[in-house]
Amino acid sequence: MKLQRKNRLRATALGALAVSGALVLTACGSDDNTGSDTTGGTSQSASAAASDISCDGATGQLLASGSSAQKNAVDLWVKNYMAACSGVEVNYKSSSSGEGIIAFNQGTVGFAGSDSALKPEEVADSKKICKTGQGINLPMVGGPIAIGFHLEGVDSLTLDAPTLAKIFDTKIKKWNDEAIAKLNPGVKLPDKAIQPFHRSEDSGTTQNLGKYLAATAADNWKYEPEKKWPAPGGQAATGSAGVAAQVKQVDGSIGYFELSYATSQSISTVDINTGASAPVKASPETASAAIAAAKIKGTGKDLALDLDYTTKAEGAYPIVLVTYEVVCDTGNKAETLPTVKSFLTYTASDAGQKVLTEAGYAPIPTEINSKVRETIAALS
């Protein structure tokens, strides 16, 4: 009977997806919860994913919140999962890593998304919610932090870490500054003010950019890598979508956000001079090349990663982030645990990770992802 029920659910899901496959979900650049499709062709992957989703035990509503950098990936996962699992609702509120962790440690969500691993004090707070355990980091989404720019008449731009640091620290104020011109021979740079945009709220994306700048441009970036934007000057916007929207609209602007926000809105992105033989473009492939060198630094069931922001490997884009899904290793709420395990099992599956590539993200390396799957299976 159980097998027959699963087959009926699968057939229903596939039928629904066949009808809806031509629809393109709206507004990658929105931080609402409506979903997004950056590829325009997810119906086939959604159909394939449905056959790999096990809904056993999943029921009711699962609330989650956090990182806006992974929003576009989560939207696709939720679309596929809810099509396969009738009667289950997954609601991911795209806000920020900081807000997601606060919600998790207040016990209001089943899991949180964060672009940076839990701090020791956040792990300590999680023990109040994870009655028999603690919060752990499960790396689920990888990708490049794109440096988007809008400069009329300029479609291609190369920058290095020291120059980026000076731009975001408002030490370089004009687009035709000598430091920028030296990196872009033959490019006609206008005598125009640079308008840098950053995140207004605590953000793991901000922290990862800070880690890159601190590691590669220490003489020009004197700030500790924190989720709160540290430098004076510049303009603030809410969420990755908010920063991308400002860069899209404002001539002379520059900002940082996950690559899918750039591709969905046709925002030009900076190539990074890392010291390799050629500047590196932001792409899922070049981000994967950098993430593949990551080492697990977490202990026990925690799978937090140590990323190498100083890489000079050919074709490796150094400004990367890994988004973690934060869960209790033990002591998860009984009413949401089956759905949390079911949903995260799908996101870590081959089908779930394939969605990442199609949406402009980088899958988690196989060796690391195999440990993620083992950990999810053992959640209690």
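Keep in mind the model is a prediction, meaning the values are calculated, not measured. (Residues numbered from 1 in each chain as written. Predicted model: local features only at pLDDT ≥ 70, side-chain atom pairs only at ≥ 80, totals over all residues. Heavy atoms only, no water.)

Turning our attention to the overall build of the protein chain. Within the protein chain one finds 14 helices and 13 strands. Across the 380 residues of the protein chain, 56% fall into the buried class. Of the contacts made within the protein chain by residues no fewer than 6 positions apart, 75% connect residues no fewer than 24 positions apart. (Helix = DSSP H or I, 4+ residues; strand = E, 2+ residues; numbered from the N terminus. Buried < 20%, exposed > 50% of the residue type's maximum accessible area, 1.4 Å probe, protein only. Contact = heavy atoms within 4.5 Å.)

Summarising burial for strand β8 (residues 253–258): 6 of the 6 residues are buried, a large majority. Pairing analysis gives 6 bridges linking strand β4 (residues 135–150) to β8, with the strands arranged antiparallel. Pairing of A146 across the sheet is with F257, part of β8. (Pairing = 2+ DSSP bridges.)

So, about the nonpolar core. In terms of nonpolar packing, the biggest core is built from 63 residues, with I147, L164 and I254 touching the most fellow members. Looking at this core, the elements with two or more residues in it are β4, α6 (161–168), α8 (204–216), α9 (239–249), β8, α10 (259–264), α11 (284–291) and β13 (320–328). Grouped together as the second largest cluster of nonpolar side chains are 37 residues, I136, L344, A359 and Y361 included. (Core = buried A, V, L, I, M, F, W, Y, C linked by side-chain atoms within 4.5 Å.)

We now examine the packing of aromatic side chains. Applying the stated criterion across every chain yields a total of 7 aromatic pairs. Seen in terms of ring centroids, F111 and F343 are 6.0 Å apart; in terms of plane orientation they differ by 20 degrees. Their pairing is stacked. Note that F111 is positioned in strand β3 (residues 111–114) and F343 in helix α12 (residues 337–347), a separation of 232 residues in sequence. We note that F111, like F343, is buried. Pairing W229 with Y256 gives two aromatic rings, centres 5.7 Å apart and planes at 20 degrees, and the pair type is stacked. Of the two residues, W229 sits in the loop between α8 and β7 (235–237) while Y256 sits in strand β8, which places them 27 residues apart along the sequence. Overall, the relative accessible area of 0% leaves Y256 in the buried class. (Phe/Tyr/Trp six-rings, centres within 6.5 Å; stacked < 30°, edge-to-face > 60°.)

This part takes up the state of the cysteines. Using the criterion set out here, one finds 2 disulfides in the structure. One disulfide bridge connects C55 with C85, the sulfur atoms lying 2.1 Å from each other. Handedness of the C55-C85 disulfide follows from its S-S torsion of about -85 degrees: it is left-handed. Of the two residues, C55 sits in the loop between α2 (42–50) and β1 (60–66) while C85 sits in the loop between α3 (71–84) and β2 (88–94), which places them 30 residues apart along the sequence. Take C85: its relative accessible area is 1%, and that puts it in the buried class. Here the cysteine-cysteine linkages of the protein chain are recorded as 1-2, 3-4, numbering only bonded cysteines and doing so in sequence order. (Disulfide = S-S within 2.5 Å.)

Attention now moves to α3. When the terminal C-alpha atoms of α3 are compared, their 20 Å separation across 14 residues agrees well with the 20 Å that a helix rising 1.5 Å per residue should span. The element α3 is largely enclosed, with a buried count of 12 among its 14 residues. Turning to α3, its buried residues number three or more, namely K71, N72, A73, V74, D75, L76, W77, V78, K79, N80, Y81 and A84. (Expected span 1.5 Å × (residues − 1).)

By the definition in use, this model includes 11 salt bridges. D191 is paired through a salt bridge with K174; the nearest N and O atoms lie 3.0 Å apart. Of the two residues, D191 sits in the loop between α7 (178–183) and β6 (195–199) while K174 sits in the loop between α6 and α7, which places them 17 residues apart along the sequence. We classify K174 as partly exposed; its relative accessible area is 36%. (Salt bridge = Lys/Arg side-chain N within 4 Å of Asp/Glu carboxyl O.)

Glancing now at the environment of V109. Along the polypeptide, V109 turns up in the loop between α4 (97–105) and β3. V109 sits 224 residues away from K333 along the chain, and the two C-alpha atoms are 9.9 Å apart. If we ignore the near neighbours within four places in the chain, the residues touching V109 are L63, A64, S65, A103 and F104.

Quick look at the pairing of β1 now. Relative to β2, β1 is paired through 7 bridges, and the arrangement is parallel. Across the sheet, residue G66 finds its bridge partner in β2, namely S94. In this region the chain leaves β1, passes through α3 and returns to the parallel neighbour β2; the handedness of that crossover is right-handed. (Right-handed = clockwise from strand over helix to strand, strands pointing away.)

This part takes up the environment of D308. Among the structural elements, D308 can be located in the loop between β12 (305–306) and β13. Residue class for D308 comes out partly exposed when judged on its relative accessible area of 36%. In this structure, the C-alpha to C-alpha distance between D308 and I319, residues 11 residues apart in sequence, is 9.3 Å.

Detailed conclusions should not be drawn from predicted coordinates in areas where pLDDT is low. On average, the protein chain scores 88 in pLDDT, and the residues at 70 or more come to 87%. Throughout residues 1–49 the model reports pLDDT below 50, and contacts reaching past four residues in sequence, or to other chains, amount to 79 contacts. (pLDDT = per-residue confidence, 0-100.)

As a further point, take unusual backbone geometry. Unusually for a residue other than glycine, T170 sits at a positive phi of about 55 degrees. Take T170: it is sitting in the loop between α6 and α7. Backbone geometry at S266 places phi at a positive 55 degrees, although glycine is not the residue there. By the element assignment, S266 lies in the loop between α10 and β9 (268–269).

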